[in-house]
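# Descriptive analysis of the structure
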Amino acid sequence: MEDLIHERFMRRALELARRGWGTTHPNPMVGAVIVEHGQVVAEGFHAKAGEPHAEIMALRNLGRRPQPGATLYVTLEPCSTKGRTGACTAAIIGAGLKRVVAGAADPNPVHAGHGFEVLRAADVEVTVGVLAEECTDLNLIFNHWIVAQTPLLAAKAAVTLDGKIATRTSDSQWITGELARTDVHRWRRLFPAIAVGAGTILSDNPSLTSRLGDDVWCPVRFVFDGLLRTVVEKSLPKVYTDEFKDRTIVVTTPHGGLGYVRKLQALGVKVWNITSATMRAPLPEFRRLCVEADITGVFVEGGAQLISELIQCRQLDYLFVYRAPVLLGDDKAKTVFKGLRTEKLVNAVRLEEVRHTSFGPDQLMRGRVAYPEKLQVDETTFSLG
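Here goes a summary of the coordinates provided. (Residues numbered from 1 in each chain as written. Predicted model: local features only at pLDDT ≥ 70, side-chain atom pairs only at ≥ 80, totals over all residues. Heavy atoms only, no water.)

## Some details on empty space enclosed by the protein
This model, assessed by the stated rule, comprises 3 cavities of 30 Å³ or more. Quantified by volume, the largest cavity comes out at close to 60 Å³. Gly-22, Thr-24, His-25, Asn-27, Pro-28, Met-29, Leu-138, Asn-139, Leu-140, Ile-141, Phe-142 and Leu-190 together form the lining of the largest cavity. Here the lining of the largest cavity gets 3 residues from one element, more than from any other, and that element is helix α6 (residues 140-148). Residue composition of the lining of the largest cavity, by class: 7 nonpolar, 5 polar and no charged. Taken as a whole, the second largest cavity encloses approximately 50 Å³ of empty space. Residues of the lining of the second largest cavity, tallied by class, amount to 4 nonpolar, 1 polar and 3 charged. (1 Å grid on protein atoms, 1.4 Å probe; cavity = no way out; pocket = protein on both sides within 12 Å on 5 of 7 lines; lining within 4 Å. Points joined across faces, edges and corners; volume = space filled by probe spheres on them. Helix = DSSP H or I, 4+ residues; strand = E, 2+ residues; numbered from the N terminus. Nonpolar A, V, L, I, M, F, W, Y, C, P; charged D, E, K, R; others polar.)

## Some points on the packing of helix α3 (residues 88-95) against helix α4 (residues 114-121)
Packing of α3 against α4 leaves a shortest axis separation of 10 Å and a crossing angle of 20°. When the interaxial angle is binned, α3 and α4 end up roughly parallel. Handedness of the α3/α4 crossing: right-handed. Contacts from Thr-89, Ile-92 and Ile-93 of α3 reach α4 at Gly-115, Val-118 and Leu-119. Here the contact of α3 with α4 is composed, by residue class, of 4 nonpolar, 2 polar and no charged. (Axes fitted to C-alpha atoms, helices over the stretch in contact; angles between N-to-C directions. Parallel < 35°, antiparallel > 145°, perpendicular 65-115°, else oblique. Left-handed = near helix turned anticlockwise from the far one by under 90°. Contact = heavy atoms within 4.5 Å.)

## Here's the deal with helix α11 (residues 304-312)
Within α11, 8 of the 9 residues are buried, leaving the element largely enclosed by the surrounding structure. Within the sequence span of α11, burial applies to Ala-304, Leu-306, Ile-307, Ser-308, Glu-309, Leu-310, Ile-311 and Gln-312. In the stretch just after α11, Arg-314 is the one whose phi turns positive, near 60°. (Buried < 20%, exposed > 50% of the residue type's maximum accessible area, 1.4 Å probe, protein only.)

## Description of unusual backbone geometry
Each neighbour pair has its own omega, and for Gln-173 with Trp-174 the value is 0°, a cis peptide bond. With respect to the helices and strands, Trp-174 occurs in the loop between β7 (164-166) and α7 (178-190). Backbone torsion omega between Gly-302 and Gly-303 reads 0°, so that peptide bond is classified as cis. Relative to the elements of secondary structure, Gly-303 occurs in the loop between β14 (297-300) and α11. Located in the positive-phi region is Leu-131, a residue other than glycine, with phi close to 50°. With respect to the element layout, Leu-131 can be found in the loop between β5 (125-128) and α5 (132-138).

## A closer look at the sheet that holds strand β8 (residues 193-197)
Neighbouring strands of a sheet are bound in pairs by backbone hydrogen bonds; such pairs are parallel or else antiparallel. Read from one edge to the other, the open sheet built from 9 strands follows the order β13-β12-β11-β8-β14-β6-β15-β18-β17, with strand pairing classed as mixed. Unpaired on one side and paired on the other, β13 (270-273) and β17 (350-359) mark the two borders of the sheet. The mean inter-strand angle of the sheet, taken between neighbouring strand axes irrespective of direction, is 20°. As defined by bridge partners, strand β6 (residues 152-159) adjoins β14 across 4 bridges and the pair is classed as parallel. From the neighbouring strand, Ala-155 faces β14, where its bridge partner is Val-300. (Pairing = 2+ DSSP bridges.)

## What about the sheet that holds strand β2 (residues 39-45)?
Ordered by their spatial adjacency, 5 strands build an open sheet running β2-β1-β3-β4-β5, and the pairing between neighbours is mixed. Each edge of the open sheet carries a strand with a single partner, namely β2 and β5. Ignoring strand direction, the axes of neighbouring strands in this sheet form an average angle of 20°. The strands that helix α2 (residues 54-62) touches are β1 (31-36), β2 and β3 (71-76); relative to β2, the one it contacts most, it runs at about 130°. In the packing of α4 onto the sheet, the strands contacted are β4 (99-104) and β5, and the crossing angle to β5 comes to about 155°.

## Focus: α3
Because each turn of an α-helix spans 3.6 residues, side chains separated by three or four positions end up pointing in the same direction. Turning to α3, its buried residues are Cys-88, Thr-89, Ile-92 and Ala-95. Summarising the axial view, the buried residues of α3 lie within an arc of 135°, below the 170-degree limit, and thus occupy one face. Check the buried side of α3 and you find it contacts α2, β3, β4 and α4. Once α3 ends, the next one or two residues include Gly-96, with phi positive near 90°. (Arc of directions from axis to C-beta.)

## Topic: the pairing of β1
Burial runs high along β1: 6 of the 6 residues are buried. Burial along β1 is two-sided: the residues Gly-31, Val-33 and Val-35 and Ala-32, Ile-34 and Glu-36 are all buried. Note that β1 and β2 share 6 bridges and pair antiparallel. The residue bridging Glu-36 from the neighbouring strand is Gln-39, located in β2. Where β1 meets β3, 4 bridges bridge the pair, whose relative direction is antiparallel. Bridge pairing in β3 links Ile-34 to Leu-72.

Structure (structure tokens):
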């Protein structure tokens, strides 16, 4: 019975945490509720880096000292270091709270569990692990950033039952339905950056914004274009000319030519010109530049060449695959994953920590990419152009 009560209030804390969806980077999303006599009396969530944490907001919104026996529910282990807003453990102890129920532990190995130790040392009863999987999944970008100290590179694909992304004539709109496509915009709103290859820009001319109802949000927009093919024509893509063009960064190489670089810069578009022996920008160097720019996560939406290269180079961390109940059955239809030579299942790329969600007839499978010890690339299909 107590477990069900804990889950009920933790679900409310999760709902609150999601109000910070996409606005808290590089911090995690966190929600908190204060419960007295079985009733929620105050709530809080972390809205933005540099602003008060969820626990502090809940205490402020309460406006008084908690009553004896009050419980604080929080989705993530309270911080025990001062930071910009003060340690939450100190605020909890100072408020006189004697019971804390937490979802996930701090993923940072330097601090993991220390907040709980501080609270217990102050005679606060601590329960850990309520809806832990949901609380951990909520912050998949932050968790990767804080542990690996590099951005989470995630890719998205919409495929048919036989794994195709378009017909042999490149017809692809739309494989999935409206509900699934709306969910893609929700993830666009979470990630600080979106990335596509030059082929996607030339064929689709996408806006690469998140559009949820009347809300339009533009993350950082990366265009991978080692030869600057997207700058050749007089009619330039939207991402170079729209109101958000200053949010666009073209990732290129010296093979693209300085004239086109200057053309982009004159438009107000940023350029990352990465030294490369080939016409493809080295992905590890791209990661390093993202770290310098404090970009904690990148949502790669295509095309197939860019996503496949990420896998071939072991640079893809996370994968979203939306699958529609559509069957093409055509060997010449377009596929998203290519370039590997997997002769045995033991050498297959797999997903871990898998989660499934349905959107009408469509299904989303997402998870962390796990690479085999031996990942063999088929050199005949590894494109360097």
